[in-house]
Amino acid sequence: MGVMKFTTENNGEKKKNYSFWIIVGLVTVAVLIVLFNCFSVVNEGYIGVKYQFGKIVSSDLSAGLNFHIPFIEEIEQVDTREQIYSVQTDAYTSDTQTVDNLGLKLNYYYDGTKLPEIIRTIGITNVETKLLVPNVAKISKDEIGKVKAEDLVQNRSDVQNAIYESLKVTLEPQGIIVTAFAIENLAFEDAFEQSIQAKVIAAQDALKMQNKTAEREEEARQQVIAAQAEADSQKIKADAEAYAIQAVQEQLAKSPNYIEYLKITNWNGVLPQAIGTEVNPFIGLDGGTSTTGTSSTSGTSGNTTAASAE
């Protein structure tokens, strides 16, 4: 009987020990679960928004591991990277031309300082339907309706800039930062597009003719300049010759012997030969005449004499 009692007491102690370790294990698991739920990861390109019983208590949690109280607080991520909103719609120009399949693209991101207000008043998931859809279409149609179809085709960038500025003024106060806007597609009726194409071709042809005319005018101008330059050159040459003649005449008036000096300086030292019946004198530097000599030959043609050298 004593042995049986001892065995029963040992079994009871084992059951107590087993229950104790089960409780320890459960508590450990519970603590680990609580610890894991105390932290949330915010990814790069996102911002963390912390709620406490559904109320926003923080909206600027940075990327990484962030602490919150389990079952009381929770953290949600909001994508703050640049996003793209695209839509296709129809519009009318000021001259009642229909723009079919008008492709519009808006680049934007959320203003972090106004993120709580966006969440409270609109909701992140409702931004596109409540803010972007109505404003992008309305503003684009209004701006396109101010211009003619031809101006829209030729000056698309001006219309884009006008829409971009209007969207910034409208959306930025509501926490949407607009970074870019583009009109990606313009489609008109075939007849209108053909007329635009014909007009562009005509304008290009006219420009070619203007360029040719300008080229010919430039050639004519260059010819006039060349002729004027030649005339100026001839005038300068004539003036120089006249000046030289005048200088010689003035020198002759001052010194009659100056012409004799010119003869000597320009003479090559060879006496010229001439056929005649008389002896021509060689003019001396003193203004007189001197006979340099005579020579005669007999023949049927007459006499050959030495002529004067000038």
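Residues numbered from 1 in each chain as written. Predicted model: local features only at pLDDT ≥ 70, side-chain atom pairs only at ≥ 80, totals over all residues. Heavy atoms only, no water.

Caption draft 1: Seen up close, the overall build of the protein. Summing up its helical and strand segments, the protein has seven helices and 12 strands in all. For the protein, the proportion of its 310 residues judged to be buried stands at 24%. Excluding contacts between residues fewer than 6 apart, the proportion of contacts in the protein whose partners are at least 24 apart in sequence is 62%. With the model as given, the accessible surface of the protein reaches about 21,500 Å², and the carbon-plus-sulfur share is 56%. (Helix = DSSP H or I, 4+ residues; strand = E, 2+ residues; numbered from the N terminus. Buried < 20%, exposed > 50% of the residue type's maximum accessible area, 1.4 Å probe, protein only. Contact = heavy atoms within 4.5 Å. Areas by Shrake-Rupley, 256 points an atom, 1.4 Å probe, with all protein chains shown as cover.)

Caption draft 2: Focus on the environment of V42. With respect to the element layout, V42 can be found in strand β1 (residues 39-42). In this structure, the C-alpha to C-alpha distance between V42 and L61, residues 19 residues apart in sequence, is 7.7 Å. V42 has contacts with I47, G48, L61, S62, A63, G64, N66, I75 and Q77, leaving out every residue within four places of it along the chain.

Caption draft 3: Examining the packing of helix α3 (residues 127-144) against helix α5 (residues 156-171) more closely. In contact at an axis separation of 9 Å, α3 and α5 are set at 140° when each is read in the N-to-C sense. Relative to α5, the element α3 lies oblique. In the crossing of α3 with α5, the sense of the turn from one axis to the other is right-handed. The segment α3 lies against α5, with L131, L132, N135, V136, I139, S140, E143 and I144 engaging V159, A162, I163, S166, L167, T170 and L171. When the residues that make up the contact of α3 with α5 are grouped by side-chain class, the tally is 10 nonpolar, four polar and one charged. (Axes fitted to C-alpha atoms, helices over the stretch in contact; angles between N-to-C directions. Parallel < 35°, antiparallel > 145°, perpendicular 65-115°, else oblique. Left-handed = near helix turned anticlockwise from the far one by under 90°. Nonpolar A, V, L, I, M, F, W, Y, C, P; charged D, E, K, R; others polar.)

Caption draft 4: Main features of the side chain of S40. Position of S40 relative to the elements: it lies in strand β1. Not counting chain neighbours up to four residues away, the residues in contact with S40 comprise G64, L65, N66, H68 and I75.

Caption draft 5: Region of the structure containing the packing of aromatic side chains. All told, the structure shown has two aromatic pairs when counted by the stated rule. Summarising the aromatic geometry, the rings of F39 and F67 are spaced 5.6 Å apart at their centres and angled 70° between planes, so their arrangement reads as edge-to-face. Of this pair, F39 sits in strand β1 while F67 sits in strand β4 (residues 64-67), and the two are 28 residues apart along the sequence. Where Y108 meets Y110, the ring centres are 6.1 Å apart and the plane angle is 75°; that geometry is what we call edge-to-face. (Phe/Tyr/Trp six-rings, centres within 6.5 Å; stacked < 30°, edge-to-face > 60°.)

Caption draft 6: Focus on the nonpolar core. One finds L106, L167, I176 and F181 to be the most contacted residues of the largest nonpolar core, which totals 36 residues. Put simply, the parts of the chain that give this core at least two residues each are β2 (46-52), β6 (83-92), β7 (98-110), α2 (115-121), α3, α4 (149-154), α5 and β8 (176-187). Residue contacts for I176: discarding those within four places in its chain leaves Y108, Y109, Y110, I118, V127, L131, L132 and L171. (Core = buried A, V, L, I, M, F, W, Y, C linked by side-chain atoms within 4.5 Å.)

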